[in-house]
Each structure stands twice: as C-alpha cells, then as structure tokens.
Amino acid sequence: MLIRPPTVPHAVPSTDLVTALARHYDELVEHVRRQFRGRGFEREVVHDVCVELLERPAALEARTPLAFLRHISTHRAIDRQRAEAARAALIESVPDTPDLHAHHEDGASALAFRQHLEALVAVIESLPPRARQCFLLHRVHSMTHQAIAAEIGVTRSMVTHHFNHAMRRIARDWAPAREAMAAGRPGR
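Below or above, wherever it landed, is the structure these notes cover. Values in this document were obtained by computation on a predicted structure and should not be read as measured data. Counting from 1, residues in each chain are numbered in the order their sequence is written. For a predicted model such as this one, the threshold for reporting local features is a pLDDT of at least 70, and the threshold for listing and counting side-chain atom pairs is 80 or more; totals across whole chains, interfaces and linings nevertheless cover every residue. Each side-chain value is derived from all of the structure's non-hydrogen atoms; neither hydrogens nor water enter the calculation.

## Looking at the overall build of the chain
Counting its secondary structure elements, the chain contains nine helices and zero strands. The helix count covers DSSP runs of H or I at least four residues long, the strand count covers runs of E at least two residues long, and both are numbered beginning at the N terminus. Overall, the chain shows an N-to-C arrangement of helices and strands of α-α-α-α-α-α-α-α-α. Exposure classes here rest on a 1.4 Å probe applied to the protein chains alone. A residue is buried below 20% of its type maximum, exposed above 50%, and partly exposed in between. When burial is assessed residue by residue, the chain has 23% of its 188 residues classed as buried. Considering only contacts in the chain between residues 6 or more positions apart, those separated by 24 or more positions represent 63%. Shrake-Rupley sampling with a 1.4 Å probe provides the accessible areas, and residues are treated as covered by the protein chains on show and by no other component. When the accessible surface of the chain is totalled, it reaches about 14100 Å², and 58% of it is carbon and sulfur. In this analysis, two residues are considered to be in contact whenever any of their non-hydrogen atoms come within 4.5 Å of each other.

## Overview of the side chain of Thr-74
Along the chain, Thr-74 falls in helix H4 (residues 65-90). Here Gln-35 takes part through its side chain, which lies 2.8 Å from a polar atom of the side chain of Thr-74. Counted as a polar contact is a pair of N or O atoms within 3.5 Å, where, for protein atoms, one must be capable of donating a hydrogen and the other of accepting one, and residues adjacent in sequence contribute only when both atoms are in side chains.

## Remarks on helix H5 (residues 107-125)
Any helix carries an expected span of 1.5 Å times its number of residues minus one. Between its terminal C-alpha atoms H5 stretches 27 Å, which fits the 27 Å expected from 19 residues at 1.5 Å a residue. Of the residues making up H5, those classed as buried are Leu-120, Val-123 and Ile-124. Take H5 and look down its axis: the buried residues cluster within an arc of 95°, on one side only. Facing away from the buried side of H5 by more than 90 degrees, the exposed set consists of Gly-107, Ala-108, Arg-114 and Glu-125. As used here, the arc belongs to the directions running from the helix axis to the C-beta atoms.

## Considering the packing of helix H6 (residues 129-139) against helix H7 (residues 145-152)
Helix axes are fitted to C-alpha atoms over the stretch in contact, other axes to C-alpha atoms as well, and angles between N-to-C directions run from 0 to 180 degrees. The N-to-C vectors of H6 and H7 enclose an angle of 130°; their axes lie 10 Å apart at closest approach. The orientation of H6 with respect to H7, classified from their angle, is oblique. The two elements H6 and H7 meet at a crossing, and its hand is right-handed. Contact residues: Arg-130, Gln-133, Cys-134, Leu-137 and His-138 in H6; His-145, Ile-148 and Ile-152 in H7. In terms of residue class, the contact of H6 with H7 is built from four nonpolar, three polar and one charged. With respect to orientation, any angle under 35 degrees is reported as roughly parallel, any angle over 145 as roughly antiparallel, any angle of 65 to 115 as roughly perpendicular, and every other angle as oblique. The handedness criterion is simple: a crossing whose near helix is rotated anticlockwise from the far helix by less than a right angle is left-handed, and one whose near helix is rotated clockwise is right-handed. Residues are grouped as follows: nonpolar covers Ala, Val, Leu, Ile, Met, Phe, Trp, Tyr, Cys and Pro; charged covers Asp, Glu, Lys and Arg; every other residue, Gly included, is treated as polar.

## Notes on the nonpolar core
Ranked by size, the top nonpolar core spans 12 residues in total: Leu-17, Ala-20, Leu-21, Leu-28, Val-29, Val-46, Val-49, Leu-53, Ala-62, Leu-66, Leu-69 and Ile-72. Looking at this core, the elements with two or more residues in it are helix H1 (15-23), helix H2 (25-35), helix H3 (42-55) and H4. The contact partners of Val-49, leaving out residues within four places of it in the chain, are Leu-69, Ile-72, Ser-73 and Arg-76. Residue types Ala, Val, Leu, Ile, Met, Phe, Trp, Tyr and Cys, when buried and joined through side-chain atoms within 4.5 Å, form a set referred to as a nonpolar core. In this structure, Phe-135, Phe-163, Ala-166 and Trp-174 belong to the second largest nonpolar core, which totals 11 residues.

## Structural notes on the packing of aromatic side chains
For Phe, Tyr and Trp, where Trp contributes only its six-membered ring, two rings pair if their centres lie within 6.5 Å, and the inter-plane angle classes them as stacked under 30 degrees, edge-to-face over 60, or tilted in between. Summed over the entire model, instances satisfying the criterion amount to two aromatic pairs. On the numbers, 6.0 Å between centres and 55° between planes, the contact of Phe-36 with Phe-41 is tilted. Since its relative accessible area comes to 10%, Phe-36 is described here as buried. The class for Phe-41 is buried, based on a relative accessible area of 4%.

## Overview of unusual backbone geometry
The phi torsion at Ser-142 lies on the positive side, around 55°, for a residue other than glycine. Looking at where Ser-142 falls in the secondary structure, it is placed in the loop between H6 and H7. A relative accessible area of 61% places Ser-142 in the exposed class.

## A short note on the pattern of salt bridges
Should a side-chain nitrogen of Lys or Arg be within 4 Å of a carboxyl oxygen of Asp or Glu, the pair is scored as a salt bridge. Tallied over the full model, the rule gives 10 salt bridges. In this structure, Arg-70 engages Glu-27 in a salt bridge whose closest nitrogen and oxygen atoms are separated by 2.3 Å. With Arg-70 in helix H4 and Glu-27 in helix H2, this pair connects stretches of sequence that are 43 residues apart. A residue is classified by how much of its surface remains accessible, and Arg-70, at 31% relative accessible area, is partly exposed. Accessibility expressed as a relative area gives 32% for Glu-27, which makes it partly exposed.

## Some words on a nonpolar patch on the surface
On the surface, Phe-113, Leu-117 and Val-121 cluster together to form a nonpolar patch covering roughly 290 Å² of accessible area. You can see Phe-113 is positioned in helix H5. The class of Phe-113 is exposed, set by a relative accessible area of 56%. Patches here are clusters of residues that have more than 30% relative accessible area and form no salt bridge, with a 9 Å joining cutoff for like charges and a 5 Å cutoff for nonpolar side chains (Val, Leu, Ile, Met, Phe, Trp, Tyr).

Here you go:
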C-alpha cells in the first residue's frame, strides 16, 4: 500500500506586496541608497527582497505594503553590509609584489640573460646521460639523492658522484658559474 504525504497548499505571494514592489521599485532603490549612502548595492538589495517575496511569501498581509517593503529592504541592506564586512575581515590584503627588475632592465640585459640561459641549457645537454639525469632530478624536481637512487636503480653514492660531476662541469663550462666561483675565492 502506497502512503502519500499530506498535501500542503503552496504559498502564493501576496499580490499586494508584489504589486507594491513593482510600483515603487525606484522609490525602494532610492530609499536604500539614501540610508546606506550609495554603497552601490541598492538594486541588488531590492532584487533580494523581490526574490524573497516570491520564494517565501509573507504569512500575513501587510497593512501598508510600501512601509513593509522599506522595512524589509533596510534589513536586507544591513545583512548585505554585514556579510561584506565579514568577507573583508577574512580576506587578508596583500600588497602587490614590487617588480624591482622590470624598471631597470633594458634590451641589453634581457639579451644577456637569454644568452646565459641558453649557454646553461647547452652545458646541461652536453653532460653525460646519468650526470644530466641526476642533476635535473635533484635541482629541477627537488628529489633527494636517496629518492633518485631508488628511481633510477643505482646506489646513493653513485647519484652523489654523478651529481658532483655535473656540478663541476657546469662550474667549468658556464661563464656565470665561473665568475661566481672566482668572485667567491679570495686572492684571485
């Protein structure tokens, strides 16, 4: 036997309130604008009131529909203002990161950077395969020597050997690394 739930009559929005809302729409928008000093959400507040009336009609008839709509609009505006304040409190404002280099770079430094980068890529590509693999897995993919050893099937000491070989070749063959090494050693 099928038991049906009791039927609940669908609430119908008050035609007086909907009519008053349609007739006094601009006046309600202006009311919210005046009360909240033009915060820019006036139309959204009145739209919220309209949706609320259509979705959840008032159980009782309002004696003065316009006054009732103003009251609801004021409370919806307060709710919106509080929600915006709560959202703003949660969002941490972070200043823009200054772009220190963009203002001082010229075409020559951009070209020099590109040339250094291309030279580094050429040095890395000229490394023996295992040394290149160990270098890239460690420096680019941030893998530990132990993880690299497990990945490629060699001992940790072999990974260290290949990585050190790659670093010596880069220091020898890449000009910026040579210059940095020379600047870091006193007496040269």
